[in-house]
Amino acid sequence: MTVPELSFADVVQPAWNVSPRVRALVTTRDGGVSEAPFGRWQNGADLPGGLNLGMKSGDDPAAVATNRERLLKLAGVSEAAWLEQIHGAGIVRAEDVLAQAHANGAPTRADASVTDRPGTVCVVMVADCMPVLFCDAAGRAVGAAHAGWRGLAAGIVEETAQRVAELAGVEAGALHAYLGPSIGPDAFEVGADVRDAFMNGVGAAQRDATSNAFVEHPRNPGKYLADLPALARLRLQRLGVTRIVGGDLCTLTQRERFYSYRRDRETGRMAAMIWLDDQAQSIAD
């Protein structure tokens, strides 16, 4: 069976008003060569053609390598700064990730990367956790953060925004942020420990809004439904970031489009990528 090449119809792109120098996309489960349980979902069946990008997912490594090649070809780049994600709050320079990979092949353990170098691709992988992409309007710097609830509670979104702002030479409030596909507020069941992690770290001004991001589960006493995008917006707004788009795509409920670890356990990984096009000019140039 011949699987069609990956195309821009297979990915999600931020709807933000920034320089054309900023390139960004989030993959779906379509456009690759992986087979079940990492395939594409159509008419209630897991079919060949999945774009699984996770090397540690249990998929055939050759299929994952082909999928990554397809993605890089679509993006028009030769490599990306793949991370070994650990659900933490570590942030690195994407060019340092590539330098380490070139030197000894070792992956960099972190959950976010930033860069101001054209052609250097920041990338994070997700399958329910939220990818958050950052840039300034002129396209001077970009960043990508892997924001599961642990990283979000630990401040990875705010810290990544600050790092991008520093590289771009702007205030954090001038940044644009995109909240990529993640487990949605009607599907993300958590315990009181997760709610406490956010409530204990918030000031009085955002206490009510943070509490409102946790709704008592209608069927499981002691459990909550958490709104991950709302929690990210609150933290970004506290930093002064107001140009925020996305946050409306649920990985768990949209089975035909996205992988979801919480839904399927054995499943693929999607990638969120952002980079500066070295062929385009900043709108400030």
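In what follows, the structure referred to is the one given above.
Residues numbered from 1 in each chain as written. Predicted model: local features only at pLDDT ≥ 70, side-chain atom pairs only at ≥ 80, totals over all residues. Heavy atoms only, no water.

**Some words on the overall build of the protein**
Helices and strands together make up the secondary structure of the protein, namely eight helices and 18 strands. Taken over the C-alpha trace, the protein has a radius of gyration of 18 Å; the compact-globule value for 285 residues is 19 Å, and the two agree within 12%. On the principal axes, the C-alpha backbone points of the protein span a range of 55 × 50 × 35 Å. Counting all 285 residues of the protein, 54% fall into the buried class. Sequence separation of at least 24 residues holds for 64% of the intrachain contacts in the protein that already meet a minimum separation of 6. Of the roughly 12,300 Å² of accessible surface on the protein, 46% is carried by carbon and sulfur atoms. Charge centroids of the protein, computed over 28 positive and 34 negative side chains, lie 2 Å from each other. (Helix = DSSP H or I, 4+ residues; strand = E, 2+ residues; numbered from the N terminus. Rg over C-alpha atoms; globule rule 2.2 N^0.38 Å. Buried < 20%, exposed > 50% of the residue type's maximum accessible area, 1.4 Å probe, protein only. Contact = heavy atoms within 4.5 Å. Areas by Shrake-Rupley, 256 points an atom, 1.4 Å probe, with all protein chains shown as cover. Lys, Arg positive; Asp, Glu negative; His and termini not counted. Charge placed at Lys NZ, Arg CZ, Asp CG, Glu CD.)

**A closer look at empty space enclosed by the protein**
In the structure shown here, the tally under the stated rule is one cavity of 30 Å³ or more. In this structure, the largest cavity encloses a volume near 70 Å³. Together, Phe198, Gly201, Val202, Gln206, Thr210, Leu231, Leu234, Arg235 and Arg238 line the largest cavity. Of all the secondary structure elements, the ones that give two or more residues to the lining of the largest cavity are α6 (204-212) and α7 (228-239). Here the element with the most residues in the lining of the largest cavity is α7; it accounts for four residues. Residue composition of the lining of the largest cavity, grouped by class: four nonpolar, three polar and two charged. (1 Å grid on protein atoms, 1.4 Å probe; cavity = no way out; pocket = protein on both sides within 12 Å on 5 of 7 lines; lining within 4 Å. Points joined across faces, edges and corners; volume = space filled by probe spheres on them. Nonpolar A, V, L, I, M, F, W, Y, C, P; charged D, E, K, R; others polar.)

**Observations regarding the packing of aromatic side chains**
Counted by the stated rule, this structure contains three aromatic pairs. Aromatic side chains Phe214 and Tyr224 sit 6.5 Å apart centroid to centroid with 90° between the ring planes, which places their arrangement in the edge-to-face category. Here Phe214, found in strand β15 (residues 214-216), pairs with Tyr224, found in strand β16 (residues 224-226); they are ten residues apart in sequence, far enough to count as distant. Tyr224 carries the same exposure label as Phe214, and that label is buried. Taken together, the aromatic side chains of Phe198, Phe214 and Tyr224 make up a single cluster linked through ring pairs. Sitting above the plane of the Trp82 ring, Arg68 keeps its charged end 3.9 Å from the centroid. One Lys or Arg, Arg255, reaches over the ring of Trp41 and ends 4.1 Å from the middle of that ring. (Phe/Tyr/Trp six-rings, centres within 6.5 Å; stacked < 30°, edge-to-face > 60°. Lys NZ or Arg CZ within 6 Å of the ring centre and 35° of its normal.)

**Let's talk about the sheet that holds strand β1 (residues 11-12)**
The pairing of strands in a sheet comes from backbone hydrogen bonds and takes either a parallel or an antiparallel form. One open sheet accounts for four strands, arranged β1-β2-β18-β10; its pairing is antiparallel. Both outer strands of the open sheet, β1 and β10 (122-126), are each paired with one neighbouring strand and no more. Judged from the five bridges that link them, β10 and strand β18 (residues 270-276) form a sheet pairing that is antiparallel. For Val124, the partnering residue across the bridge sits in β18 and is Ala272. (Pairing = 2+ DSSP bridges.)

**Digging into the pairing of β10**
Within β10, five of the five residues are buried, which leaves it mostly tucked inside the rest of the structure. Residues Cys122, Val124 and Val126 line one face of β10 and the alternating positions Val123 and Met125 line the opposite face, and both faces are buried.

**Topic: the layout of surface pockets**
By volume, the largest pocket is sized at about 910 Å³. As for the largest pocket, its lining consists of 32 residues, and the residues nearest its centre are Gln85, His87, Met125, His146 and Arg269. Every element with two or more residues in the lining of the largest pocket is listed here: β6 (83-84), β10, α3 (149-154), β14 (189-190) and α8 (261-264). The biggest single contributor to the lining of the largest pocket is α3, with three residues. Residues of the lining of the largest pocket, tallied by class, amount to 15 nonpolar, eight polar and nine charged.

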